[in-house]
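Coordinates in review
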Amino acid sequence: MQRLIDAYFNSVRAFRKLAASEKAFQQELMLLVLALPLGWLVSVSWRGYALLIGAVLLLIMVEVLNTGIEAACDAFSREFNVDIQLAKDCGSLAVLISVVIVAGVWGIAIIERITGLPI
């Protein structure tokens, strides 16, 4: 049980640090705040709502992992290194893929709401 408590406090510390200093994380938190009520209006079911919010949470999770990769790379060396560049670029690509997923899920949900046709 102590391990879970420690993990919780570690997570809160990371959340606070990212919310205070990382612009991308701050933007994605604002997106989540907007998505919570908008998802309710856009979705046609509880399942759809969960998918819309889950997509945004997936984006936030990937952003957190990307930030962790960047921090680990910077802690190792701030000098140019091809392998470090690849690690950072891969993290950035993962965020981009997550953005595409969010756009796709929300786009389909909006089309479904507007047309009334299940897609």
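By convention here, each chain's residues receive numbers from 1 onward along its written sequence. Only residues with pLDDT of at least 70 get local features here, since the model is predicted, and only at 80 or more are side-chain atom pairs given and counted; chain-wide, interface and lining totals rely on the full set of residues. Where side-chain values are given, they derive from all heavy atoms of the structure, hydrogens and water being excluded.

Structural notes on the pattern of salt bridges
What counts, and what does not: For this analysis, a salt bridge means a side-chain nitrogen from Lys or Arg found within 4 Å of a carboxyl oxygen belonging to Asp or Glu. By the criteria applied, helices consist of DSSP H or I runs no shorter than four residues and strands consist of E runs no shorter than two, each listed in order from the N terminus.
One pass over the structure, following the stated rule, counts two salt bridges. The partner of Asp 74 in a salt bridge is Lys 88, with the nearest N and O atoms 2.6 Å apart. Placement of the pair is Asp 74 in helix H3 (residues 46–76) and Lys 88 in helix H4 (residues 82–115), with a sequence separation of 14 residues. Here the salt bridges share partners, and the residues they tie into one network are Asp 74, Arg 78 and Lys 88.

Observations concerning the nonpolar core
Across soluble globular proteins, nonpolar side chains show a tendency to be buried alongside one another. Basically, it comes down to this: Take the buried residues of types Ala, Val, Leu, Ile, Met, Phe, Trp, Tyr and Cys, join any two whose side-chain atoms come within 4.5 Å, and each joined set is a nonpolar core. Exposure is judged per residue with a 1.4 Å probe applied to protein chains only, and the accessible area is read against the type maximum: over 50% gives exposed, under 20% gives buried, and values in between give partly exposed. Note on definitions: a residue-residue contact is assigned when non-hydrogen atoms from the two residues lie within 4.5 Å.
In terms of nonpolar packing, the biggest core is built from 19 residues, with Leu 52, Val 56, Ile 60, Val 102 and Trp 106 touching the most fellow members. Sorting the residues of this core by element identifies helix H2 (23–42), H3 and H4 as the ones contributing at least two each. At eight residues, the largest contribution of residues to this core is made by H3. Filtering out sequence-adjacent residues up to four positions away, Leu 52 remains in contact with Gly 39, Val 42, Ser 43, Val 105, Trp 106 and Ala 109.

Things to note about the state of the cysteines
In a disulfide, the sulfur atoms of two cysteines are covalently bonded to one another. Cut-off, in case you're wondering: Two cysteine sulfur atoms make up a disulfide if the distance between them is within 2.5 Å.
Scanning all chains against the criterion turns up zero disulfides. Free of any disulfide, Cys 73 has its nearest neighbouring cysteine sulfur in Cys 90, separated by 10 Å. Classification of Cys 73 as buried rests on a relative accessible area of 10%. Under the relative-accessibility criterion, Cys 90 is labelled partly exposed at 44%.

A closer look at H2
Rules: The span one expects for a helix is its residue count, reduced by one, times 1.5 Å. In this analysis the local bend is the angle between axes fitted, respectively, to the seven residues ending at and the seven residues starting at the residue.
Between the first and last C-alpha of H2 there are 27 Å, a value that for 20 residues agrees with the 28 Å anticipated at 1.5 Å per step. At Leu 36, H2 shows its strongest bend, of approximately 35°, with the proline Pro 37 following within four residues. For H2, the set of buried residues is Phe 25, Glu 28, Leu 29, Leu 32, Ala 35, Gly 39 and Val 42.

Let's talk about the environment of Trp 40
One can find Trp 40 in helix H2. For the pair formed by Trp 40 and Leu 52, sequence separation is twelve residues and the distance between their alpha carbons is 9.0 Å. Leave out the neighbours within four places in its chain, and Trp 40 touches Trp 46 and Tyr 49.

Here's the deal with the packing of aromatic side chains
What counts, and what does not: Centre distance within 6.5 Å is the pairing criterion for rings of Phe, Tyr and Trp, where only the six-membered ring of Trp is used; planes under 30 degrees apart are then read as stacked, over 60 as edge-to-face, and the remainder as tilted.
Applying the stated rule across the entire model yields four aromatic pairs. Through a chain of ring-to-ring contacts, the aromatic side chains of Trp 40, Trp 46 and Tyr 49 assemble into a single cluster.

Considering a nonpolar patch on the surface
The criterion, for reference: The patches described consist of residues with a relative accessible area above 30% and no salt bridge, like charges being joined within 9 Å and nonpolar side chains (Val, Leu, Ile, Met, Phe, Trp, Tyr) within 5 Å. Accessibility throughout is a Shrake-Rupley quantity obtained with a 1.4 Å probe, and a residue counts as covered only by protein chains that appear here.
A cluster of nonpolar side chains, contributed by Leu 93, Leu 96, Ile 97, Val 99, Val 100 and Ile 101, occupies part of the molecular surface with about 510 Å² of accessible area. In this fold, Leu 96 is placed in helix H4.

What to know about the packing of helix H1 (residues 2–21) against H2
Test applied: Note on geometry: axes are C-alpha line fits, over the in-contact stretch for helices, and angles between N-to-C directions span 0 to 180 degrees. For classification purposes, angles smaller than 35 degrees are called roughly parallel, those larger than 145 roughly antiparallel, those between 65 and 115 roughly perpendicular, and all remaining angles oblique. Ten residues, namely Ala, Val, Leu, Ile, Met, Phe, Trp, Tyr, Cys and Pro, are considered nonpolar, four, namely Asp, Glu, Lys and Arg, are considered charged, and the remaining ones, Gly among them, are considered polar.
Two elements in contact, H1 and H2, have axes separated by 6 Å at closest approach and are oriented at 100°. With respect to their mutual orientation, H1 and H2 come out roughly perpendicular. The residues of H2 that touch H1, namely those facing Phe 15, Leu 18, Ala 19, Ala 20 and Ser 21, are Lys 23, Phe 25, Gln 26 and Leu 29. A class-by-class count of the residues in the contact of H1 with H2 yields six nonpolar, two polar and one charged.

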